[in-house]
Amino acid sequence: MNPVLTIILQRLALGLLTLLIVSFVIFTAVNMLPGDFAEALLGQSATPEAVAAIRKDLNLDQPFFVRYFSWLGAMLTGDLGVSYAQLNFQSNMGASTLKTVADQIAPRFANTMFLAGVTACIAVPFAVTLGVLAALYRNSVFDKGVNIATLTSISSPEFFLAYILVLFLAVLNPLLPSIANIYQGISFQDRLVATLLPALTLTLVVTAHMMRMTRAAIISLLASPYIEMARLKGISPLRVIVKHALPNAWAPIINVIALNLAYLITGVVVVEVVFNYPGIGQLFVDAVKNRDIPVVQACCLIFAGAYILLNLAADILSIMTNPRLRHPK
Amino acid sequence: MNTLLWIIVALAVVAALGWAFRFAGQMVTGNKPYFRDMPYAVSFGFALGAALFVGGVWLYLQPPANEAGVPRASVVFWRWAVHFLIVAAIAAFIFRLLGRAVGTQASRKIFRQMPLTAAFGILVILIYGFAAVFAGLIAPYGQDQVFSAANVVPGGDPALGGNPDFPLGTDQIGRDILSRLIYGAQNTVGIAFATTLLAFVLGGSLGFLAATLRGWVDQLLSRAVDVLMAIPSLIFSLLLITVASAWVSGTGLTIAMIVIIAVIDATRVFRLARAVGMNIVVMDYIEAAKLRGEGLGYLIFKEILPNATAPLLAEFGLRFCFVFLTISALSFLGLGIQPPLADWGTMVKDLSAFINYAAFAPQIAASPLLAAGAIALLTVAVNFVVDWMLHRSSGLKE
């Protein structure tokens, strides 16, 4: 069997195992809550009989592990349960149709993925170009300026960057909307305009790390003999970096790109709240405030899953870009 | 569309200027190698830098208000930014001169080799530390003292709706913003510092323990840390805060948050402490100490810890920034430091709507940015210092 395939399968299995354990941790954490689903659902009208009836309905009288596995099974089949807010609404108002957590999350998940995608499309080329330029003109005024600017943006809180951008691009010069108004059936162009300001904020957050890593990876290669050879041949500095240094620097760069995309997943939470962007992060924060357990659980699992997947991708891609691992002796 | 057209025209002009600059340089210096071999990108960079500088000076010299007396917000904000940068640079420069003149031989030597950014960072950290310790003495009012004059405009000018008693104005329920900013240094920075310290005590001691004992202790701790690190930290802390909020509220929730973030961050510290500890444990002097029959506590605190201080100290700075930003983000979301404690993240959230008035009343928009800027300034300062320390200890010259 191909050794790379073996390594990748191993990593995949490890990733699945991690996800399984993480789901267990999440389930355990939530089950430490005092009171359960039944009491929360009934609120003030929780008579012992009613609580017992609902517990029986929802299998809350089963032992811990039985409930964990039935919850896990439901998750795997896409049944994320029904949020407390929806259940409360139904029991008070007698609404007929129930929106499940999956129905609530699906459109928001698409929005968040769109935001992350737009951010990645802007941030990755921008960061790699800046990194190559900073490596090319290292120790110049440009390099130092970029260094200070990226250090500043990496260490500023997301909401500070967001409000600065709002101030200059939405309030003082009304170019972009400061509230991301995304409705059903929005056209692609409108959606892009509404997403641009949050995406620019996230770009500022993630660019710094990727750019610094690109610069460091290239500079660490510049001392190697084959680069010196290329220089002695009389190739221009830009060509030395792009043609000779960059291909060997891809492994750490791709790694840091994937890690930053994973970071994006947590970064979206704050940015979505600032811009009122209807994504999964905002739903999560609202659910945390209302202690809406099924939504919190589902969101946590999705965030953790995306995070683990991207870390896994970082791992696998850095193996793929390393010829020594691809063709072992 | 008009804006886009302007940008394209401006870039074209700068590109032409860059070419002209190189050409003129070649002509004037008689084709000296510096200009002859200059790539076009470099001359373009010079032209762009010059254009940005001229544009900045031009914007600075614009009148800050039009004939009708309505302030021109972009000019006002630009002036504030320039003033801040100039004051910061001068303060850092004077601070560095002071450091070179006063103190012991060793401390003067450190200041001689210090870049301006690091001097600025140290100065900012000192000021924050001072404000945090003496907040009760500096702040004009209490942090939760409510006055009848709510929504006072910053600036202290009665004609614009200000009040000289409240130089930065009051917030929506009438608390003095200046006092809350100063108390914020005490609460936000103090809580972040305590959390980082707790994370280091936890993660550091467990990491060294794993490195010294090896075997099943190491395996157990490392695998537990692996699992905890597989969940994004902000998401995990939000989940645990949900759980904690069912048990406690108010100040109790703040304490719960400290413990939660400390435990989550301790996993990162554990990784580093274990890796550093592993390298130290194989040294000969550890072997000698073991043969002398020293106990576990002696090995960890007297042999390993002193030799692991340098990397742990740099990590402490970075970790502090992460913890500080996490706590601010949680407070901003309304789930971190709870009232009545004044805190910067909560202040930004409470005052954020004022940004929309920036176009006609710049000083009102400044109040939420001041709190957010206070957070950014400290993390930037710590990062400047850590960057310089890492550069120094690695001995990198390139």
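Computed from a predicted model, the values in this text were never measured in an experiment. (Residues numbered from 1 in each chain as written. Chains lettered and ligands numbered in written order. Predicted model: local features only at pLDDT ≥ 70, side-chain atom pairs only at ≥ 80, totals over all residues. Heavy atoms only, no water.)

Asks: Just to check I follow, could you spell out the overall build of chain A for this structure?
Replies: Check the secondary structure of chain A and you find 14 helices and 0 strands. Traced from its N-terminal end to its C-terminal end, chain A shows the element sequence α-α-α-α-α-α-α-α-α-α-α-α-α-α. For chain A, with 329 residues in total, the buried portion stands at 46%. Long-range pairs, those at least 24 residues apart, make up 72% of the contacts in chain A between residues at least 6 apart in sequence. Surface exposure of chain A reaches about 16,100 Å², of which carbon and sulfur atoms provide 65%. (Helix = DSSP H or I, 4+ residues; strand = E, 2+ residues; numbered from the N terminus. Buried < 20%, exposed > 50% of the residue type's maximum accessible area, 1.4 Å probe, protein only. Contact = heavy atoms within 4.5 Å. Areas by Shrake-Rupley, 256 points an atom, 1.4 Å probe, with all protein chains shown as cover.)

Asks: Before we go on, may I ask you to explain unusual backbone geometry in this structure?
Replies: A negative phi holds for most residues other than glycine; trans holds for most peptide bonds. The phi dihedral of Asn276(A) falls on the positive side, at around 55 degrees, and the residue is not glycine. Structurally, Asn276(A) can be placed in the loop between helix H11 (237-275) and helix H12 (280-290). Backbone geometry at Arg214(B) places phi at a positive 55 degrees, although glycine is not the residue there. Tracing the backbone shows Arg214(B) in the loop between helix H8 (177-213) and helix H9 (215-229). Judged by its relative accessible area of 40%, Arg214(B) falls in the partly exposed class.

Asks: I'm lost on the domain arrangement of chain B in this one. Help?
Replies: Interface extent is often summarised as the accessible area lost during association of the parts. Parsing chain B into structural domains produces domain 1 (3-59) and domain 2 (177-394). Each of domain 1 of chain B and domain 2 of chain B has a C-alpha centre, and the two are 46 Å apart. (Domains from an automatic or database assignment.)

Asks: What should I look at first to understand the interface of chain B and chain A in this one?
Replies: Contact with chain B, which involves 48 residues of that partner, is made by 49 residues of chain A. Between chain B and chain A, the buried area comes to about 4,300 Å², and carbon and sulfur atoms account for 81% of it. Where chain B meets chain A, there are 1 salt bridge. Arg212(A) serves as the salt-bridge partner of Asp387(B), at 3.3 Å between the closest nitrogen and oxygen. Along the contact surface separating chain B from chain A lie 5 residue pairs in polar contact (both at pLDDT 80 or more). Considering each element in turn, the side of chain B that touches chain A owes the most residues, 11 residues, to helix H10 (residues 233-247) of chain B. (Buried area = accessible area lost by both parts, 1.4 Å probe. Salt bridge = Lys/Arg side-chain N within 4 Å of Asp/Glu carboxyl O. Polar contact = N/O pair within 3.5 Å; in protein donor to acceptor, adjacent residues only side chain to side chain.)

Asks: Looking at this structure, I do not really get the pattern of salt bridges. What am I missing?
Replies: A side chain of one charge can pair with a side chain of the opposite charge when the charged atoms of the two come close. All names here are of chain B. Overall, the coordinates contain 10 salt bridges over all chains when judged by the stated rule. Salt-bridge contacts for Arg319 lead to Asp265; the nearest nitrogen and oxygen are separated by 2.7 Å. With Arg319 in helix H14 (residues 309-332) and Asp265 in helix H11 (residues 251-281), this residue pair connects regions lying 54 residues apart in the sequence. For the residue pair Arg319 and Asp265, the accessibility class agrees, reading buried in each case. Because the salt bridges share partners, they merge into one network encompassing Arg223, Asp226 and Arg271.

Asks: Help me out: how do you make sense of the side chain of Gln338(B) in this one?
Replies: Residues and elements named next belong to chain B. With respect to the helices and strands, Gln338 occurs in the loop between H14 and helix H15 (344-351). Residue class for Gln338 comes out buried when judged on its relative accessible area of 15%. A polar atom in the side chain of Gln338 sits 3.0 Å from the backbone oxygen of Gly336. Gln338 has contacts with Gly250, Leu253 and Thr254, leaving out every residue within four places of it along the chain.

Asks: Explain the nonpolar core here, please?
Replies: Of all hydrophobic cores here, the largest spans 152 residues; its most connected members are Phe159(A), Ile218(A), Phe284(A), Phe303(A), Met257(B), Phe332(B) and Trp344(B). Not counting the four nearest positions on each side in its chain, Phe303(A) is found in contact with Ile265(A), Val268(A), Val269(A), Ile280(A), Gly281(A), Phe284(A), Pro232(B) and Ile235(B). Of all hydrophobic cores here, the second largest spans 17 residues; its members include Phe200(B), Ala211(B), Ala273(B) and Val276(B). (Core = buried A, V, L, I, M, F, W, Y, C linked by side-chain atoms within 4.5 Å.)

Asks: Could you clarify how one ought to interpret a nonpolar patch on the surface in this entry?
Replies: Residues and elements named next belong to chain B. Taken together, the side chains of Leu4, Ile7, Ile8, Leu11, Leu48 and Leu52 present a nonpolar region at the surface, about 560 Å² in accessible area. Elements supplying a minimum of two residues to the nonpolar patch: helix H1 (2-28) and helix H3 (40-61). At 4 residues, the largest contribution of residues to the nonpolar patch is made by H1. (Patch = residues over 30% accessible without salt bridge, like charges linked within 9 Å, V, L, I, M, F, W, Y side chains within 5 Å.)

Asks: Is there a simple way to think about the packing of aromatic side chains in this case?
Replies: How two aromatic rings sit relative to each other is set out by the distance from centre to centre and by the angle between their planes. Applying the stated criterion to the full structure yields 23 aromatic pairs over all chains. Between the aromatic rings of Tyr137(A) and Phe142(A), the centroid separation amounts to 6.5 Å while the plane-to-plane angle is 90 degrees, which identifies the pairing as edge-to-face. Of the residues examined, Tyr137(A) reaches a relative accessible area of 21% and is grouped as partly exposed. Since its relative accessible area comes to 34%, Phe142(A) is described here as partly exposed. Members of the aromatic cluster, each reached through a chain of ring pairs, are Tyr128(B), Phe193(B), Phe200(B), Phe316(B), Phe320(B), Phe324(B) and Trp344(B). (Phe/Tyr/Trp six-rings, centres within 6.5 Å; stacked < 30°, edge-to-face > 60°.)

Asks: Before we go on, may I ask you to explain the packing of H8(B) against H11(B) in this structure?
Replies: To characterise two packed helices, one gives the angle between the axes of the helices and the distance between these axes. Residue and element names in this part refer to chain B. At a minimum axis distance of 5 Å, the contact between H8 and H11 shows a crossing angle of 40 degrees. Seen from above, H8 lies across H11 with right-handed handedness. A class-by-class count of the residues in the contact of H8 with H11 yields 20 nonpolar, 7 polar and 2 charged. (Axes fitted to C-alpha atoms, helices over the stretch in contact; angles between N-to-C directions. Left-handed = near helix turned anticlockwise from the far one by under 90°. Nonpolar A, V, L, I, M, F, W, Y, C, P; charged D, E, K, R; others polar.)

Asks: Would you explain the environment of Phe236(B) in this entry?
Replies: Secondary-structure assignment places Phe236(B) in helix H10. Considered as a pair, Phe236(B) and Arg268(B) are 32 residues apart in the sequence and their alpha carbons are 14 Å apart. When near neighbours in sequence (up to four residues on either side) are disregarded, Phe236(B) contacts Val25(A), Leu228(B), Ile231(B) and Ile264(B).

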